[in-house]
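# A closer look at the structure
Single-letter residue listing:
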Amino acid sequence: MLPRLDFDLLRTFVTVAETGNLTRAGERLLLSQPTVSLQIKRLEEQLGCALMERTPRSLSLTSEGETLLSYARRILSLTDEAVARLVEPTMQGLVRLGTPEDFATTHLSGVLARFAEAHPNVALEVTTDLTLNLIERFKEGEFDLVLIKREPMGPTDGVRVWREPLVWASTRPDPFERNGPLPLVVSPHPCVYRKRATHALDRAGRPWRIAYTSTSLAGAQAAVRAGLGLTVLPKEMVPEDFFIIDTAAGAPDLSDTEVALMTVPSLSVPAERLAAHMVRSLERRDGTGSSRPWNSQKTIHISE
């Protein structure tokens, strides 16, 4: 017979994977570090495979652990949703969430709608802003939860919930064939995407200039459509009427960035439920039903 998975062990496993540390996982679960370690060992024994590779200074998931993490989050998400419907229908409170505008527009609508349906008495106060402003306002106590764009890093400062491949986007098929400095449409400084664009061009020895600055995704897209310049966007957020310019067409590589979830030390029960819901929903990359396949865009490359 196939082994039966223990939900408590799965929750411990997911928490360790999210925090990257047995001690921090224990603090979140109110368990001792030896108990957390023992539960991971029991789960590995049930499944007959190693889920984590541990050294005195690091912890990483094995390929089997990566596979289980996706399933475990989905299992726990459905479990929590069922419990919420039956046990917590009257849970009340206010949750203050800060998020970048473009991420909220593209990925959060479905996630928040499902949470609101399961918890109709919880009020959500969602504020969009630039990442730097979100971090400062979070430190000042304006938010319970905040999603921020950042360079890829470990789990020491928030839980990574999204990986974003960045691309060059333009309404012109040949922006890198133009002479002179490249005109850029960017967000105000500091911005992860802006930094990636200018550093990539500097490494490639390509001159550039800031042609247009906008604090909103819609404003930046309008500027690109008006021919004011090219921009950098997450691949899933490129409009259908834009071209994706790849490295074969002269575009320097941008690599990935990530979105992380930061929380206050003592979360209310509604905020804790929303945090867990967002992590599991976004990990499945189904935050919105309108996402297009990545190959639906017009990618520009040099034909043979």
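Described below are features of the structure shown in this document. (Residues numbered from 1 in each chain as written. Predicted model: local features only at pLDDT ≥ 70, side-chain atom pairs only at ≥ 80, totals over all residues. Heavy atoms only, no water.)

With that settled, the discussion passes to the overall build of the chain. Counting secondary structure elements, the chain contains 9 helices and 12 strands. Over its C-alpha atoms the chain spans a radius of gyration of 21 Å, differing by no more than 12% from the 19 Å that the globule rule assigns to 304 residues. By the burial criterion, 45% of the 304 residues in the chain qualify as buried. Excluding contacts between residues fewer than 6 apart, the proportion of contacts in the chain whose partners are at least 24 apart in sequence is 79%. Each charge class in the chain can be summarised by its mean position, and for the 35 positive and 38 negative side chains these summaries are 2 Å apart. (Helix = DSSP H or I, 4+ residues; strand = E, 2+ residues; numbered from the N terminus. Rg over C-alpha atoms; globule rule 2.2 N^0.38 Å. Buried < 20%, exposed > 50% of the residue type's maximum accessible area, 1.4 Å probe, protein only. Contact = heavy atoms within 4.5 Å. Lys, Arg positive; Asp, Glu negative; His and termini not counted. Charge placed at Lys NZ, Arg CZ, Asp CG, Glu CD.)

Quick look at the environment of Pro234 now. By the secondary structure assignment, Pro234 is in strand E9 (residues 231-234). Given a relative accessible area of 4%, Pro234 falls into the buried group. A sequence separation of 41 residues divides Pro234 from Tyr193, and the C-alpha atoms of the two residues are 8.8 Å apart. For Pro234, the residues in contact, after removing those within four places along its chain, are Glu164, Pro165, Leu166 and Tyr193.

Ranked by internal contacts, the top residues of the largest apolar core, which has 24 residues, are Leu108 and Met278. For this core, the secondary-structure elements that each account for two or more residues are strand E3 (93-99), helix H5 (101-118), strand E5 (145-150), strand E6 (159-170), strand E11 (256-263) and helix H9 (269-283). In this structure, Phe176, Val186, Ala200 and Leu254 belong to the second largest nonpolar core, which totals 19 residues. (Core = buried A, V, L, I, M, F, W, Y, C linked by side-chain atoms within 4.5 Å.)

For an α-helix the count is 3.6 residues per turn, leaving residues at separations of three or four pointing the same way. Its 15 residues give helix H3 (residues 33-47) an end-to-end C-alpha distance of 22 Å, which sits within 8% of 21 Å, the value for a rise of 1.5 Å per residue. Where H3 is concerned, the buried positions are Val36, Gln39, Ile40, Leu43 and Glu44. Down the axis of H3, the sector holding all buried residues measures 140°, keeping them to one side. Relative to its buried face, H3 has exposed residues pointing more than 90 degrees away, namely Pro34 and Glu45. (Expected span 1.5 Å × (residues − 1). Arc of directions from axis to C-beta.)

It is worth spelling out the packing of helix H1 (residues 7-19) against helix H2 (residues 22-29) at this point. A pair of packed helices is captured by two measures, namely the crossing angle of their axes and the spacing between those axes. With their axes 8 Å apart at the nearest point, H1 and H2 run at an angle of 125° to one another. Relative to H2, H1 is oriented oblique. Handedness of the crossing formed by H1 with H2: right-handed. Contact with H1, carried on its side by Arg11, Thr12, Thr15, Val16, Glu18 and Thr19, involves Leu22, Arg24, Ala25, Arg28 and Leu29 of H2 and no other residues of that element. For the contact of H1 with H2, the residue count by class is 4 nonpolar, 3 polar and 4 charged. (Axes fitted to C-alpha atoms, helices over the stretch in contact; angles between N-to-C directions. Parallel < 35°, antiparallel > 145°, perpendicular 65-115°, else oblique. Left-handed = near helix turned anticlockwise from the far one by under 90°. Nonpolar A, V, L, I, M, F, W, Y, C, P; charged D, E, K, R; others polar.)

What follows is about the environment of Glu140. Mapping Glu140 onto the fold places it in the loop between helix H6 (131-139) and E5. Given a relative accessible area of 58%, Glu140 falls into the exposed group. The spatial distance from the C-alpha of Glu140 to the C-alpha of Pro175 is 42 Å, given a sequence separation of 35 residues.

One pass over the full model with this rule turns up 2 aromatic pairs. Arranged with centres 5.5 Å apart and planes meeting at 80°, the rings of Phe103 and Trp162 form a pair that is edge-to-face. Residue Phe103 is found in helix H5, and its partner Trp162 is found in strand E6; the two are separated by 59 residues along the sequence. Aromatic pair Trp168 and Phe176: ring centres 5.4 Å apart, planes at 85°, arrangement edge-to-face. By relative accessible area, which is 2% here, Trp168 ends up buried. (Phe/Tyr/Trp six-rings, centres within 6.5 Å; stacked < 30°, edge-to-face > 60°.)

By themselves, these are just geometric observations and shouldn't be taken as functional.
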